[in-house]
Amino acid sequence: MSLLRRISDSGISYAERKSEKRNIILSNYISLVTAATTSLLLIGRYLFDSFVSISLLEGSAFFLLPILLNYFGFTNISRILLCWIPNLFQLYASHVGLKGVPESSNYAGLRLLLLGFSAIPFLIFDLKNKKLLTIGILGSLLPILLFDPILNYLGIGYYQVGLKDESYSFNNMRAFVAFLVIGFSTYSLKNLVQKNEELNESLLAELERKNKVIRRQAEERLRASEHKFAKIFQQSPDLMVITRESDLVIYDINDKATSVMGYRREELLGKASTEFTFFVNDEDRQQFFEQYALHGKVESECLWRRKDGKDIYVHIASRQMEIGGEKYFASVIKDISSRKKMEQEKEAARYSLNERMKELTTLYKGSQILQQEKKQVTEVIQELVEILPTGWQYPEITAASITIGDQRFQTKNFTKGVSGQSQWFDVAGNGRGLVEIVYLEDQKQEIEGPFLAEERNLINMIAEMLRAHFAHMHEAEELDKAEANLHATINNTEIFIWSVDRQFNLLSFNLPFAEYMKSQYGIEVQPGSKMFGAPAIKETIELEKKWESYFIRVLAGEKFKFEEHRAGIDFQYSLNPIIEGAHIIGISVFAEDITERKTHDEELAGANKKVAELKLTALRSVMSPHFIFNVLNAIQYYIAKNDRLNAINYLSTFSKLVRSILTHSVSNKITLSDEIEMLKNYINLEMIRFENKFDYNIEVIDHVDIDNIEIPSLLIQPYVENAILHGLYNKNEKGTLSIRIKEDDEAVIFEIEDDGVGREAAMKLRQRNFPSHKSMGVKLTEERLKLINSQNLAAFSIEDLNDAEGPKGTRVTIRISI
């Protein structure tokens, strides 16, 4: 009803007299009724004929045009159009309708509609305004007088469509007479109403004048009778107002008006409260007066607006009172903004706490779901999706989705939504995933949009939780693969590997060792048993005593190697202590069958025709045994420590390096990409060995074609090893190894640079710590360069790097023609 009231009152603010306001309201109602009638005809046409009439649709819009014009103040134009539009629309609609199968009743019905609208000018115009009234009447009269000529012009005249009633021509006269009757009756009725209104207005004006006199006298008596309460009234700690019920004029107000409302007392006294916008919300004002009308008293808390525009919360307590026979209401108004602010802050804190609890609960449930190892991944992710909406501010309109690769998991109500947020996350081994949260309906805007700031953190944490979950799954899978690779590597090698504890009981061993013990001595070795257990024969007893003497030396901290010829096989043994913390907990043993290698060395020495090539192969095959056995010892240490992940990673990198060396040992050439890969494996082993004492980077400059360029194999490794062992290892702080590879004038240039202690300091340290040690790696490489130089142009240089503080490392440059 309030909407209808607002529509019907459109434009009355532009009217000065009450009668004019009534005419405008009546024109709005007529416009609404005609538009509604046309809309009903449109609906009926659609229901019974199953099509929409465009003319009816246009008519509905045209009939609402006068209301819009009234709203913008064009009240006279609006009413003139209201007198013309219905009649013209009927003729326009007839132009469409009478082209079908016309009947006499169609023409009679059209005339009746025109006559029905002929009363409109008399209803909506003041009879004293002859000009406007005449223009309005013409809008109704002309279509009636020119009915047949207009229809003939449109090609749908009565006789043109084939109708032959000869008495039809008299209809124009009958319609005109009916118009005169309706017009005269309506005019007389409107004239009578206007005269009564004028009389009422004069009586009301006289009554208002007398009322003012009476009110003034009553007010004077009231002030006189209440003078004794003035002191208490003015000294009240709260704002007190006395307001007359009949016209809401502020009868009296104390000086607190300034401090509470920002007005001076004089600005408010004697003024109607309706002149001021005290109530911020119309609903509060309406509820206040409804409660007062019902009970004669009211208490309310609401927003009030001060003179300076600031809104404050007030508590209003009003009660009816009578002064001089007239009703007033006294109000005590307290500023409760501080208390309201505290209540709002407390409510906001409670709401925020509740939201955080929802978010934490969602995270906890999500983590519990992701820990279900017995369920399939698809089931787990779908369960997680279903609980996600409960963590957001409006779970009832929230939908969620998780996309992993080409699979999508979503709640049943998931659609695009009106607003949403999303977060990507990495899926180890399967690209990327996406978490999406959408609101299906519009909600109030928060600081970051429709979602709380904490909800951005929540979706980030869920994405991170999924990333960690898939990373853990991927690591577990990789660990299983690595364990299988380790098992296969250890058991497929020709080296015998075993370890014993301090009591010389077997801790672990590989398959070749077990098979050898069974075939050679008939012993089925078992973890926890003695290496030489039953059957005890003279040979095994002697071997057991011999090996116990070796084990005792290692438990004392000694590392050593020895070679032995047994059963037609040459073995090389390496024994190292297994250290955990500061204690030796066992011994690791590596036994390599070197029979073939010795034979090969003998054959190689006798091959005079291929001395240069075989010498290159021999030199290229040299790797520091100390490095190999340290690597194996480190692996044994991690195995004994049950650090399977480090042991697997270390062994996997070592096996890649060994495999690369073996693969390229029979060839003089290697691609640059393979050489770089071997260098990376070697450096990674040294980084693990020296506990990340240095960082490294390998830089390929200017798009060097590393896959097609071939160079002599293992040419760079000795210089890299030299930089690590002598330059970076002796440095107190963490160092950096840089390897740069570039192409220049059909040559590949390698630069190996470290920021270590420098050659001079390294040499002093080596002479002091290892006086008898002779470094062969660089010497052998230099010899290789000499041999290579007979076939390929090769050169190298060593540069000591210095700054103001002294030595800052070494740079080795090697140039090889391609």
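Model, not experiment: these values are computed from the prediction.

Quick notes on the overall build of the chain
Right, on to step 1. A count of helices and strands for the chain gives 27 helices and 21 strands.
Right, on to step 2. For the chain, the residues scored as buried account for 41% of the 818 residues in total.
Right, on to step 3. Here the contacts in the chain between residues at least 6 apart in sequence split such that 58% fall between residues at least 24 apart.
Right, on to step 4. Accessible surface computed for the chain: about 46200 Å², of which carbon and sulfur atoms make up 55%.

Examining the confidence of the model for the chain
Right, on to step 1. On average, residues of the chain score 80 in pLDDT, and 86% of them reach the 70 mark or higher.
Right, on to step 2. Taken element by element, the chain is modelled with least confidence in helix H21 (residues 611-620), mean pLDDT 43, and with most confidence in strand E18 (residues 735-743), mean pLDDT 93.

Considerations on helix H24 (residues 672-689)
Each α-helix turn comprises 3.6 residues. Residues three or four places apart therefore point the same way.
Right, on to step 1. Across its 18 residues, H24 extends 26 Å between first and last C-alpha, which sits within 8% of the 26 Å expected from 1.5 Å per residue.
Right, on to step 2. Leu 672, Ser 673, Glu 675, Ile 676, Met 678, Leu 679, Asn 681, Tyr 682, Ile 683, Leu 685, Glu 686 and Met 687 are the residues of H24 that are buried.
Right, on to step 3. Taken from the residues just after H24, Glu 691 is the one with a positive phi, measuring 55°.

As for the sheet that holds strand E3 (residues 297-305)
Right, on to step 1. The sheet built from 5 strands is open, its strands ordered E2-E1-E5-E4-E3 with antiparallel pairing. The open sheet has two edge strands with one neighbour each: strand E2 (250-253) and E3. This sheet shows a mean twist of 25° between the axes of neighbouring strands, independent of strand direction.
Right, on to step 2. Direction of pairing for strand E4 (residues 311-323) relative to strand E5 (residues 326-335): antiparallel, over a ladder of 10 bridges. Following the sheet pairing, Val 314 is matched in E5 by Asp 335.
Right, on to step 3. Packed on one face of the sheet, helix H14 (residues 282-295) meets E3, E4 and E5 and runs near 165° to E3.
Right, on to step 4. Its contacts with the sheet put helix H15 (residues 337-370) on E3, E4 and E5, and the angle it makes with E4 is roughly 130°.

Things to note about the nonpolar core
Grouped burial of nonpolar side chains is what soluble globular proteins tend to show.
Right, on to step 1. Ranked by size, the top nonpolar core spans 44 residues in total, and within it Leu 672, Val 720, Leu 737, Phe 750, Ile 752 and Ile 814 carry the most contacts.
Right, on to step 2. Elements with a minimum of two residues in this core: helix H22 (625-640), helix H23 (644-664), H24, helix H25 (717-728), E18, strand E19 (747-754) and strand E21 (806-817).
Right, on to step 3. Ranked by the residues each element gives to this core, the list is headed by H24, at 8 residues.
Right, on to step 4. When near neighbours in sequence (up to four residues on either side) are disregarded, Phe 750 contacts Leu 672, Ile 711, Ile 716, Arg 740, Ile 741, Val 812, Thr 813, Ile 814 and Ile 816.
Right, on to step 5. Judged by nonpolar contacts, the second largest core, of 29 residues, contains Ile 404, Ile 437, Tyr 439 and Ile 462.

Description of the packing of aromatic side chains
Right, on to step 1. Tallied over the full model, the rule gives 30 aromatic pairs.
Right, on to step 2. Where Phe 496 meets Phe 571, the ring centres are 5.7 Å apart and the plane angle is 40°; that geometry is what we call tilted. You can see Phe 496 sitting in strand E10 (residues 496-501) and its partner Phe 571 sitting in strand E13 (residues 569-580), a full 75 residues away along the chain. Of the two residues, Phe 496 and Phe 571, neither departs from the other in class, the shared state being buried.

Quick notes on the side chain of Thr 243
Right, on to step 1. With respect to the helices and strands, Thr 243 occurs in strand E1 (residues 239-244).
Right, on to step 2. Apart from residues lying up to four places away in sequence, Thr 243 is in contact with Leu 248, Val 249, Ile 250, Tyr 251, Tyr 328 and Phe 329.

Side note on the pattern of salt bridges
Right, on to step 1. Summed over the entire model, instances satisfying the criterion amount to 31 salt bridges.
Right, on to step 2. Where Glu 564 meets Lys 546, a salt bridge forms, and the shortest distance between an N and an O atom there is 2.3 Å. Residue Glu 564 is found in strand E12 (residues 560-566), and its partner Lys 546 is found in helix H19 (residues 538-555); the two are separated by 18 residues along the sequence.
Right, on to step 3. Judged by relative accessible area, Glu 564 falls into the buried class, the value being 13%.
Right, on to step 4. Residue classification places Lys 546 among the partly exposed residues on the basis of a relative accessible area of 28%.
Right, on to step 5. Three or more residues joined by partner-sharing salt bridges are found here, namely Arg 740, Lys 742, Glu 751, Glu 753, Glu 799 and Arg 811.

Here's the deal with a nonpolar patch on the surface
Right, on to step 1. On the surface, Leu 65, Leu 68, Tyr 71, Phe 72, Phe 74 and Ile 77 cluster together into a nonpolar patch covering about 610 Å² of accessible area.
Right, on to step 2. For the nonpolar patch, the element with the most residues is helix H4 (residues 65-71), which contributes 3 residues.
Right, on to step 3. One can find Leu 68 in helix H4.
Right, on to step 4. Given the relative accessible area of 46%, Leu 68 is considered partly exposed.

What about the environment of Phe 414?
Right, on to step 1. Note on placement: Phe 414 falls in the loop between strand E7 (407-410) and strand E8 (419-426).
Right, on to step 2. For Phe 414, a relative accessible area of 13% puts it in the buried group.
Right, on to step 3. When the C-alpha positions of Phe 414 and Tyr 439 are compared, they lie 9.3 Å apart, and in sequence the two are 25 residues distant.
Right, on to step 4. What Phe 414 contacts, discounting residues up to four positions off in sequence, is Ala 399, Ala 400, Ser 401, Arg 408, Glu 436 and Val 438.

Describing the sheet that holds strand E14 (residues 583-593)
Right, on to step 1. As summarised here, the arrangement of the 5 strands in space is E11-E10-E14-E13-E12, forming an open sheet in which the pairing is antiparallel. Edge positions in the sheet fall to strand E11 (506-509) and E12, since each of these pairs with one other strand and no more. Ignoring which end each strand starts from, the neighbouring axes of this sheet average 20° apart.
Right, on to step 2. Relative to E13, E12 runs antiparallel, the two sharing 7 bridges. What sits directly across from Glu 564, in E13, is Phe 571.
Right, on to step 3. With respect to the sheet, helix H18 (residues 511-521) is in contact with E10, E11, E12 and E13, its orientation differing from that of E10 by roughly 90°.
Right, on to step 4. Most of the contacts of H19 go to E12, to which it runs at about 165°, and overall it touches E10, E12, E13 and E14.

Regarding the pairing of E3
Looking down a regular strand, the side chains alternate between one sheet face and the other.
Right, on to step 1. Two strands pair when backbone bridges link them, and E3 and E4 are joined in this way by 9 bridges, in the antiparallel orientation. Among the inter-strand pairings, Trp 304 is bridged to a residue of E4, identified as Ile 312.
Right, on to step 2. Counting the residues in the hairpin turn of E3 and E4 gives 5 residues, including Gly 309, whose phi is positive at 90°.

Let's talk about the packing of H15 against helix H16 (residues 377-387)
Right, on to step 1. In contact at an axis separation of 9 Å, H15 and H16 are set at 170° when each is read in the N-to-C sense. In terms of orientation, H15 lies roughly antiparallel with respect to H16. Between H15, through Thr 362, Lys 365, Gly 366, Ile 369 and Leu 370, and H16, the contact on the second element is made entirely by Val 380, Ile 381, Glu 383, Leu 384 and Ile 387.
Right, on to step 2. In terms of residue class, the contact of H15 with H16 is built from 6 nonpolar, 2 polar and 2 charged.

Reading the values: rules and limits
- Residues numbered from 1 in each chain as written.
- Predicted model: local features only at pLDDT ≥ 70, side-chain atom pairs only at ≥ 80, totals over all residues.
- Heavy atoms only, no water.
- Helix = DSSP H or I, 4+ residues; strand = E, 2+ residues; numbered from the N terminus.
- Buried < 20%, exposed > 50% of the residue type's maximum accessible area, 1.4 Å probe, protein only.
- Contact = heavy atoms within 4.5 Å.
- Areas by Shrake-Rupley, 256 points an atom, 1.4 Å probe, with all protein chains shown as cover.
- pLDDT = per-residue confidence, 0-100.
- Expected span 1.5 Å × (residues − 1).
- Pairing = 2+ DSSP bridges.
- Axes fitted to C-alpha atoms, helices over the stretch in contact; angles between N-to-C directions.
- Core = buried A, V, L, I, M, F, W, Y, C linked by side-chain atoms within 4.5 Å.
- Phe/Tyr/Trp six-rings, centres within 6.5 Å; stacked < 30°, edge-to-face > 60°.
- Salt bridge = Lys/Arg side-chain N within 4 Å of Asp/Glu carboxyl O.
- Patch = residues over 30% accessible without salt bridge, like charges linked within 9 Å, V, L, I, M, F, W, Y side chains within 5 Å.
- Parallel < 35°, antiparallel > 145°, perpendicular 65-115°, else oblique.
- Nonpolar A, V, L, I, M, F, W, Y, C, P; charged D, E, K, R; others polar.

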